[in-house]
Structure formats: structure tokens, C-alpha cells
Amino acid sequence: MTYKEENDRLMQSILRGTFFNAYKTDSDSLSNLNFKSLEMFISPVCNQSCEYCYLIRYGNGLYPKEIRDNSVILHNVDLLIDWIIKNEYKPKIDVFSGEIFSLPIGFEVLEKINRLSDTTVVIPTNFTFIPEQAERVKDLMQQYKERGNRLFLSASIDGKYCEGNRPSKNKIRDDEYYDKVFEFCYENNFAFHPMIYSHRIECWKENFKWFIDMFKKHGFKGTPLYLLEVRNEEWTDSQIEIFEDFVYWLTDWCVRNEKNLFKEGFNILSSMLSTIGRGIGCGIQSALYVRMGDLAILPCHRTSYKGLNYGKFIVDGEIVEIESENIENMVATYSFNADTLPVCESCMIKHVCSHGCLGCQFETVGDMFTPNPKVCQLEHAKVKGFVRALVNLGIYNEIVSQCSKEKQINFGLVKENINGK
């Protein structure tokens, strides 16, 4: 057996023991939940030019132009759906792309995925389909329902005071537009996931209050808001200070409005308190990523650069096999723990830190597994702002005592550092 054949067999064995096994079972054990997702990376083409977006900045490296043929993408979607059906797999499908509903093939891709049954399909969308294509999207959702599927849309809007970070090529976002977006999300129980970016960080207190007011205005029972800081390198020292102040302010707001920080911390707060069953909080270890232009198997959609990809599906009329490309990166990525990375290993916040994005790290320092110093500074500021708020609100012991011992130690070190001990 050749070295290449051994690598191919190793890759196939790893996938059988993780994702393919989880796709075959209905068990909701933690080990299975960490391998339930399959992401289809459709296209990098978008109708917005978001300032922080890696598809805008690095799209040609992540998804080369020579593999963007729409007819090939559609054919590969069919091949992958056929493969799922043939193997009787039941993955949760994530559809990642530039704005899917603005693509010439967007609706056709989603119609093809609907050949599956009893499946949840999650799509981030910037909601520029409102209002012109709203009825068409509703019809598609009904088609999914009739097949026993669920189409869940995640609203990628940054909010009235921060949408300048996401310039639209053809959409006017006035109050009437936002009302229609919130009405659509309320009717279908959809959530929002704005990005907290360095530019306009000074607007985020008002922006957050705007989201809360809109939820109240449109009858939402809760606050379906998932906040995530953009872990890019361009944060300045002054912007990081403002971010820390926002985290402090948000923690204070949550406590004064009787929010459970563990369950209602809008992710940005609750992620510091929660424990996950894998080595890093993002999805790179918990989804099988497939680029539809060439059926390459990727580390994730932000690390799909030449030389980093794990392998690809081999087609002979249908998907017949999987061959390896960089099995070493696959083993390293699936098995690593971010707490043990260089710098992180001896860091006092490693157990409460979200850690950096591996794609950003590759783009800025040339290595997936070497943290970016500016992102480290950002994460330290987040934890510091959170701890300061807990102390000043008099609930530090109450909250931290519910965390793991490792997290208690990390929070304690930050608290001591703030007190100058």
C-alpha cells in the first residue's frame, strides 16, 4: 500500500468514526452532537461589501474563480444530496455563502437540498430579500415544511446604528425596511446575529437598545440576539477600550433586567461561563465542510486555502470515494485544544476565552494555530469588562461559583489583576 493510499484510508476512517457515524444515529449524546452538521459552501459572491468580511477580502483564495461555474455547483449539490440519501444519513445542513437569495442559483440550490427529508437547514442571510422576494422565500419555507424539513434563517443584520459596516449595493435600509425584517422574523421565530466590529464600536450601546426596542415593538417574547465580536487584527487600542466598556455596560444591563447570564448572555457573555465538549468554541471541529465548486473537504469556510484542505470527494457518475490532500492538517485540527496553543498555554484567561479565529490567524500570522496578538488583547478586554461588572454589581461570587474550577481560577486571576494585587 502506498503512502497516499494509507492517508486516504486514514481520512475515511476518521470520517466514519465521527461525522458519518453521527449522521447515521438519532442519538443526542454529546459526542454525536459535536458531529451532526454538514456545511455546504455554495459561493463567495454577495450583494453586500461588508468591511470585515473575509469573503470580500480573501474570496479568491477561499473560493477560486475557476471553480465558480454555476452549472457545476448545481451538479455537485445534486451529487452530495444523492450521496446523503444513498447512505441514509441525517445531518443538520448548514448553507454558507455570499447572500444566498441574491445568487442566480440560490433558490435552485435550496430546492435541491429539499430532496432530503426530516432535516433542519440553517442559512445566514442579510435579509435583502425583504420585501421583493419575501413571498418566494415563504413559499420555499412551506415546501420544506411539506417535506418534513425546516428552513431556518439567521438574520445577519448589524442594526440601525452599525449597518454602515455592511454597505449594500442596491438596498435602502430605512425604518420601514427594518420593521418588515422584524415582522418576518417574529412570524417565523428567527433570530438575529449581528457582528460587533471595531468600526462604529462606539455606537453599540445605542445599537443594542435599538434591537431591544424593536423586539418589544414587534412582540417578541424574548431577545433572540446572538452577539459575536469580529476577531480581526485591525482593532486599535482605543476601540478595544470602548469594547471593554460595552461589555461592562451589557453585563450591567443584563443583571438589571434580570437576565440569566448563563442562558441569556447573548453568547458574548454566556460563552465565558459555559463549557463545550470540544477543543474550540467555533464550528471547525463540529461540522464537515464541503465546497460545492469542487467538492473539496475543508477545515472550514474561512480556512479553505490551497494546501490546507483535507481532501475531496471523488466522482464517477456519483460520489464513489474520498481521497486525502492534507491529512496532517485534518488530524491536527480535529484533535487540538485551543487552550494549548502557543501563548494560550500559559495565558491566565485561556479557560474563559473565545480564542482567535483560525482563518484570521492564517491570514495575518501565516499559521492557523498561532494566535494574533491584537485578538488576544481584544479577548482580555472582554473578560476584564465582564469581571469588573460582576464585582461592581456585587454578584461576582454568585456567578463565578457556578462555573468549572478552571474558569473560577481564570476569573480570579483577572479579578486580582484588576485590583492590582
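Provided above is the structure to which this section pertains.
Since we're looking at a predicted model, the values are computed, not measured. (Residues numbered from 1 in each chain as written. Predicted model: local features only at pLDDT ≥ 70, side-chain atom pairs only at ≥ 80, totals over all residues. Heavy atoms only, no water.)

**Overview of the overall build of the chain**
Okay, so step 1: A tally of helices and strands in the chain yields 15 helices and eleven strands.
Okay, so step 2: For 421 residues, the compact-globule estimate of 2.2 N^0.38 gives 22 Å, and the chain sits close to it at 22 Å.
Okay, so step 3: Residues counted as buried form 54% of the 421 residues belonging to the chain.
Okay, so step 4: Contacts in the chain between residues far apart in sequence, at least 24 positions, make up 73% of those at least 6 positions apart.
Okay, so step 5: Each charge class in the chain was averaged separately, 48 positive and 57 negative side chains, and the resulting centres sit 3 Å apart. (Helix = DSSP H or I, 4+ residues; strand = E, 2+ residues; numbered from the N terminus. Rg over C-alpha atoms; globule rule 2.2 N^0.38 Å. Buried < 20%, exposed > 50% of the residue type's maximum accessible area, 1.4 Å probe, protein only. Contact = heavy atoms within 4.5 Å. Lys, Arg positive; Asp, Glu negative; His and termini not counted. Charge placed at Lys NZ, Arg CZ, Asp CG, Glu CD.)

**Remarks on the sheet that holds strand β3 (residues 120-125)**
The strands making up a sheet associate through backbone hydrogen bonding, with each pair oriented either parallel or antiparallel.
Okay, so step 1: Taken in spatial order, the nine strands line up as β5-β4-β3-β2-β1-β8-β9-β10-β11 in an open sheet, and their pairing is mixed. Looking at the sheet topology across the chains shown, the edges are occupied by β5 (191-192) and β11 (319-324).
Okay, so step 2: Of the strand pairs in this sheet, strand β2 (residues 92-96) and β3 are connected by two bridges, and their pairing is parallel. What sits directly across from Ile 93, in β3, is Val 121. (Pairing = 2+ DSSP bridges.)

**A few points about the packing of helix α7 (residues 175-188) against helix α8 (residues 204-217)**
Okay, so step 1: The geometry of α7 relative to α8 is characterised by a closest axis approach of 10 Å and an angle of 60° between their N-to-C directions. Viewed along their axes, α7 and α8 form a crossing whose handedness is right-handed. Together, Tyr 178, Asp 179 and Phe 182 of α7 and Trp 210, Phe 211, Met 214, Phe 215 and Lys 217 of α8 make up the contact between the two elements.
Okay, so step 2: In terms of residue class, the contact of α7 with α8 is built from six nonpolar, no polar and two charged. (Axes fitted to C-alpha atoms, helices over the stretch in contact; angles between N-to-C directions. Left-handed = near helix turned anticlockwise from the far one by under 90°. Nonpolar A, V, L, I, M, F, W, Y, C, P; charged D, E, K, R; others polar.)

**A closer look at α7**
Okay, so step 1: A rise of 1.5 Å per residue sets the reference length of α7, with its 14 residues, at 20 Å; its end C-alpha atoms lie 20 Å apart and thus fit the reference within 8%.
Okay, so step 2: Looking at α7, one finds that the buried residues are Tyr 177, Tyr 178, Asp 179, Val 181, Phe 182, Phe 184 and Cys 185.
Okay, so step 3: On the buried face of α7, the contacting elements are α6 (134-146), β4 (150-155), β5 and α8. (Expected span 1.5 Å × (residues − 1).)

**Description of the side chain of Asn 114**
Okay, so step 1: Position of Asn 114 relative to the elements: it lies in the loop between α5 (106-113) and β3.
Okay, so step 2: For Asn 114, a relative accessible area of 8% puts it in the buried group.

**Some remarks on the packing of helix α4 (residues 70-86) against α5**
Okay, so step 1: Two elements in contact, α4 and α5, have axes separated by 9 Å at closest approach and are oriented at 15°. It follows from the interaxial angle that α4 and α5 lie roughly parallel. You can see that α4 and α5 cross each other, and the crossing is right-handed. Where α4 abuts α5, its residues Leu 74, Val 77, Asp 78 and Ile 81 lie against Glu 108, Val 109, Lys 112 and Ile 113. (Parallel < 35°, antiparallel > 145°, perpendicular 65-115°, else oblique.)

**Section: unusual backbone geometry**
Okay, so step 1: For the peptide bond that leads from Ile 130 to Pro 131, omega is -5°, which places it in the cis range.
Okay, so step 2: Considering the arrangement of structural elements, one finds Pro 131 in the loop between β3 and α6.
Okay, so step 3: A positive phi angle is found at Val 343, which is not glycine, with a value near 75°.

**A look at the pattern of salt bridges**
Okay, so step 1: Taken as a whole, this structure holds 27 salt bridges when the rule is applied.
Okay, so step 2: When the shortest N-O distance is used, the salt bridge between Arg 115 and Asp 82 registers 3.0 Å. Of this pair, Arg 115 sits in the loop between α5 and β3 while Asp 82 sits in helix α4; the two residues are 33 residues apart in sequence, bridging distant segments of the chain.
Okay, so step 3: A salt bridge links Lys 160 to Asp 175; the shortest N-O distance between them is 3.0 Å. Residue Lys 160 is found in the loop between β4 and α7, and its partner Asp 175 is found in helix α7; the two are separated by 15 residues along the sequence.
Okay, so step 4: Judged by its relative accessible area of 36%, Lys 160 falls in the partly exposed class. (Salt bridge = Lys/Arg side-chain N within 4 Å of Asp/Glu carboxyl O.)

**A look at the environment of Thr 251**
Okay, so step 1: In this structure, Thr 251 sits in helix α9 (residues 237-256).
Okay, so step 2: A residue is classified by how much of its surface remains accessible, and Thr 251, at 0% relative accessible area, is buried.

**Details of the packing of aromatic side chains**
Okay, so step 1: Applying the stated criterion across every chain, the model contains 46 aromatic pairs.
Okay, so step 2: Ring centres of Phe 127 and Phe 184 lie 5.9 Å apart, and the angle between their planes is 80°; this geometry places the pair in the edge-to-face category. In this pair, Phe 127 sits in the loop between β3 and α6 while Phe 184 sits in helix α7, placing the two residues 57 residues apart along the sequence.
Okay, so step 3: Positioned over the ring face of Phe 107 is Arg 136, at 3.8 Å from the centre of the ring.
Okay, so step 4: Here the guanidinium or amino end of Arg 291 rests over the ring plane of Tyr 63, the centre of that ring lying 5.9 Å away. (Phe/Tyr/Trp six-rings, centres within 6.5 Å; stacked < 30°, edge-to-face > 60°. Lys NZ or Arg CZ within 6 Å of the ring centre and 35° of its normal.)

**Regarding the pairing of β2**
Okay, so step 1: Summarising burial for β2: four of the five residues are buried, a large majority.
Okay, so step 2: One ladder, built from five bridges, connects strand β1 (residues 37-41) with β2; its direction is parallel. Residue pairing across strands places Phe 41 opposite Phe 96, the latter belonging to β2.
Okay, so step 3: Regarding the hand of the β-α-β motif, the stretch spanning β2, α5 and β3 is right-handed. (Right-handed = clockwise from strand over helix to strand, strands pointing away.)

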